[in-house]
Amino acid sequence: MTDLGSVAWPPAPIKTARLVLREPEARDRAAFIELFTSPEVGAYIGGPRPCDECERALPETPERRPGLFVIELDGTMIGTIELSRRDAERRSHVRPDAGEAELGYLLLPEAWGHGYAAEACAAALGWFADVLPDEPVVLCTQTANHRSMRLAAKLGFTEVQRYKAWGAEQWMGVWSPVTPPA
């Protein structure tokens, strides 16, 4: 995230009933490559990246990126969550000055269907609400991605707009600590 102000990064690992959200480490590199090259994971985000491209592009030791959490289950990375500022040209008008935070997440296919995404995203949103109170968060997904649409509703995101981009209908929702769950 580009503007955390006085928020210290990285935070202490965030622990839930089953998961740990933490900063990426060198031991996560193979899981990152698997995540980025998976046809299932890439289905709604432009497709998988070629493995050799990921091998060349990903550093052995990850760079510190404020807002990027690894989702860990039993000591193993199963996905990522990122809270990052939207670019000005992608402004949603949720905030008058744009620059709202956007929630993104990717989980390995074997982690799907167990409630890990909801658990991890709820924890990340809780952390965000604690460090930047009253700040909205947006989430964008393709309407065809039924799993993400259900997760957005479960997390309490409410629809702001639908639009066409990248050849598909997109959905944008907003969440804030004061937004009642759907």
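Up top is the structure these notes are about.
Because the structure is predicted, anything quoted here is derived from the model rather than measured. (Residues numbered from 1 in each chain as written. Predicted model: local features only at pLDDT ≥ 70, side-chain atom pairs only at ≥ 80, totals over all residues. Heavy atoms only, no water.)

1. Points about the pattern of salt bridges
- In total, this model carries 14 salt bridges according to the counting rule given.
- Where Glu-159 meets Arg-162, a salt bridge forms, and the shortest distance between an N and an O atom there is 3.1 Å.
- The partly exposed category is assigned to Glu-159, whose relative accessible area is 45%.
- Linked through salt bridges whose partners overlap, the residues forming this network are Arg-22, Glu-25, Arg-27, Asp-28 and Glu-72. (Salt bridge = Lys/Arg side-chain N within 4 Å of Asp/Glu carboxyl O. Buried < 20%, exposed > 50% of the residue type's maximum accessible area, 1.4 Å probe, protein only.)

2. Notes on helix 4 (residues 116-131)
- If you check helix 4, its first and last C-alpha atoms are 23 Å apart, about what 16 residues at 1.5 Å a residue would give, namely 22 Å.
- Burial of helix 4 is extensive: twelve of the 16 residues sit out of reach of the surface.
- For helix 4, the set of buried residues is Tyr-116, Ala-117, Ala-118, Glu-119, Ala-120, Cys-121, Ala-123, Ala-124, Leu-125, Trp-127, Phe-128 and Ala-129. (Helix = DSSP H or I, 4+ residues; strand = E, 2+ residues; numbered from the N terminus. Expected span 1.5 Å × (residues − 1).)

3. As for the packing of aromatic side chains
- This model, assessed by the stated rule, comprises four aromatic pairs.
- With a centroid separation of 5.6 Å and an interplanar angle of 70 degrees, the aromatic rings of Trp-9 and Trp-127 are classed as edge-to-face. Here Trp-9 is found in the segment before strand 1 (14-15), whereas its partner Trp-127 is found in helix 4, with 118 residues between them in sequence. The burial state of Trp-9 is the same as that of Trp-127; both residues are buried.
- Seen from their ring centres, Phe-32 and Phe-36 are 5.8 Å apart, and the 40 degrees between their planes marks the pair as tilted. Taken as a pair, Phe-32 and Phe-36 lie in helix 1 (residues 29-37) at a separation of four residues, close to a single helical turn.
- Judged by its relative accessible area of 23%, Phe-36 falls in the partly exposed class.
- Site record: aromatic cluster; members linked through ring pairs are Trp-9, Phe-69 and Trp-127. (Phe/Tyr/Trp six-rings, centres within 6.5 Å; stacked < 30°, edge-to-face > 60°.)

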